[in-house]
Amino acid sequence: MFATLISTRNGTPPIARGGWLDALRFIVASLIILHHFQAAGPHALAETVHPMFEVSGFLLTNFFLMDSGYVLMRVYGEQVRSGRMSAGDFVLKRVLRVLPAHLIVLAGLVGLVLAATAAGAPPRNPEWFAWDQLPAQLLLVQSFGLHGGLGWNAPTWSISALIGCYLAFPWVVRRLATANPWTALAWGVGAYLLANQATWLLLDHPVWQMPMKYGFFRALPLFFLGMCLARFAEGVWVNPRLARWTLLAASVGFFGLQFAGKFGLASVGVIALIVLAAGAVPVTRPSKRVEKAAVVSFAMFITNEVVRIAWFGAVNVAVARLALPEAVQWALWGLGVAAAVGFAFAFHHLIDAPIQDRIRLWLKGRGRRPVAAPTQPVVSLEG
């Protein structure tokens, strides 16, 4: 009976676009936007609806970090392990995937703040735009315990942390190559629990909720766990029906935990089940719409804070000058959420995608070994 549900005879089907992994990326990116926008309406959703709108945000980012390790391992693990892609090529490819968009968005935000200040409408909370915080964020080193990185485009702490994970990726791949699937799974779970205990003892924080300043130490155990889940998937076949039911039950369980209270460690365990189950569901009928939506998830993640600042900066001025009723304010709030999604799609198609096309041509022009295009959008935070 057990062999019909889980077997080591075959691994998980090849990773592919247009399936549940893609759908989850877009769903989680949308929920992160909702989390960032929840306090910008006439009343904070965390106060008027449920605290889960506030406390679930860090767990949604944890999903992306774990999913990043899982997807990268399944897409690039064998290439790095066999030497067909060098460690340097891998790190360069990943850094070039995030850096141009990061610099463009941050430059746009700096320009917005300067223009608004010159026009006599400076930010209402200038402490979030302190100039001494900008250098660390510009260089994407704010998650390594260095000064800076608060305010501005604050969500980029996770991009900073992922760069550290990229540096560790080739080393971890080689260590996991000799582990059988069940051992790799045990390593991932055990390392995460040890990291959680260590951060409680040393910093009085659980590892799943470390401050942004120590974001790398929060991201690495999640990223490593995702890689171990992928190594498990490479050698263990899960019955598709079991995978679908597990995905449904774990998703319901995740939101149930957030509704009931702050169960961070348990929620991370449920997220691991979601990632593992989503990757085990075969993509028999790939959806182009889901694929396109998922590819935009990186743009949604990196631009939504800037859209929030710009949109509600204008809305707050309009509310103060025109005494807009609450119903109109809520309508403007909903339009702001829609604007964040729409802006992300425009940014991806008009700016990010063309730049990445040029980078791919440049890499090939430098005589690098061609690498087969992955069948799954790489790294959840980056599209």
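Bear in mind the structure is a predicted one, so any value in this text is a computation, not a measurement.

## Overview of the overall build of the chain
So, step 1. A count of helices and strands for the chain gives 14 helices and two strands.
So, step 2. Relative to the 2.2 N^0.38 estimate, which gives 21 Å for 383 residues, the radius of gyration of the chain is 21 Å and therefore close to what a compact globule would have.
So, step 3. Each principal axis of the C-alpha distribution contributes one length, and for the chain these read about 70 × 50 × 45 Å.
So, step 4. Put simply, the chain has 383 residues, and 49% of those count as buried.
So, step 5. With 30 positive and 16 negative side-chain charges, the chain shows a separation of 11 Å between the mean positions of the two kinds.

## Examining the nonpolar core
So, step 1. In this structure, Met66, Tyr70, Phe90, Phe169 and Leu229 are the most contacted members of the largest nonpolar core, which totals 97 residues.
So, step 2. Sorting elements by how many residues they give to this core places helix H4 (residues 57-82) first, with 14 residues.
So, step 3. Excluding residues that lie within four positions of it along the chain, Phe169 makes contacts with Leu72, Met73, Tyr76, Gly77, Val80, Phe90, Phe223 and Met227.

## Some words on the confidence of the model for the chain
So, step 1. With 90% of its residues at a pLDDT of at least 70, the chain reaches an overall mean of 87.
So, step 2. For the chain, per-element mean pLDDT is lowest for strand S1 (residues 6-7), which scores 64, and highest for helix H7 (residues 157-176), which scores 95.

## Concerning the packing of aromatic side chains
So, step 1. All chains considered together, the criterion is met by 16 aromatic pairs.
So, step 2. An angle of 65 degrees between the planes, with centres 5.9 Å apart, marks the rings of Phe63 and Phe64 as edge-to-face. When sorted by exposure, Phe63 lands in the same class as Phe64, which is buried.
So, step 3. Where Tyr214 meets Phe217, the ring centres are 6.5 Å apart and the plane angle is 50 degrees; that geometry is what we call tilted.
So, step 4. Its relative accessible area of 42% is what places Phe217 among the partly exposed residues.
So, step 5. Through successive ring pairs, a cluster of aromatic residues spans Tyr76, Phe90, Tyr166, Phe169 and Phe223.

## Some thoughts on the packing of H7 against helix H9 (residues 215-235)
So, step 1. Between H7 and H9, the shortest axis-to-axis distance is 9 Å and the interhelical angle comes to 40 degrees. The angle between the axes of H7 and H9 places the two elements in the oblique class. Considering how the two elements wind past one another, H7 and H9 form a crossing that is right-handed. Contact residues: Trp157, Ala161, Leu162, Gly164, Cys165, Ala168, Phe169, Val172, Val173 and Leu176 in H7; Gly215, Phe216, Arg218, Ala219, Leu220, Phe223, Phe224, Met227, Cys228 and Arg231 in H9.
So, step 2. In terms of residue class, the contact of H7 with H9 is made up of 16 nonpolar, two polar and two charged.

About the cut-offs
Residues numbered from 1 in each chain as written. Predicted model: local features only at pLDDT ≥ 70, side-chain atom pairs only at ≥ 80, totals over all residues. Heavy atoms only, no water. Helix = DSSP H or I, 4+ residues; strand = E, 2+ residues; numbered from the N terminus. Rg over C-alpha atoms; globule rule 2.2 N^0.38 Å. Buried < 20%, exposed > 50% of the residue type's maximum accessible area, 1.4 Å probe, protein only. Lys, Arg positive; Asp, Glu negative; His and termini not counted. Charge placed at Lys NZ, Arg CZ, Asp CG, Glu CD. Core = buried A, V, L, I, M, F, W, Y, C linked by side-chain atoms within 4.5 Å. Contact = heavy atoms within 4.5 Å. pLDDT = per-residue confidence, 0-100. Phe/Tyr/Trp six-rings, centres within 6.5 Å; stacked < 30°, edge-to-face > 60°. Axes fitted to C-alpha atoms, helices over the stretch in contact; angles between N-to-C directions. Parallel < 35°, antiparallel > 145°, perpendicular 65-115°, else oblique. Left-handed = near helix turned anticlockwise from the far one by under 90°. Nonpolar A, V, L, I, M, F, W, Y, C, P; charged D, E, K, R; others polar.

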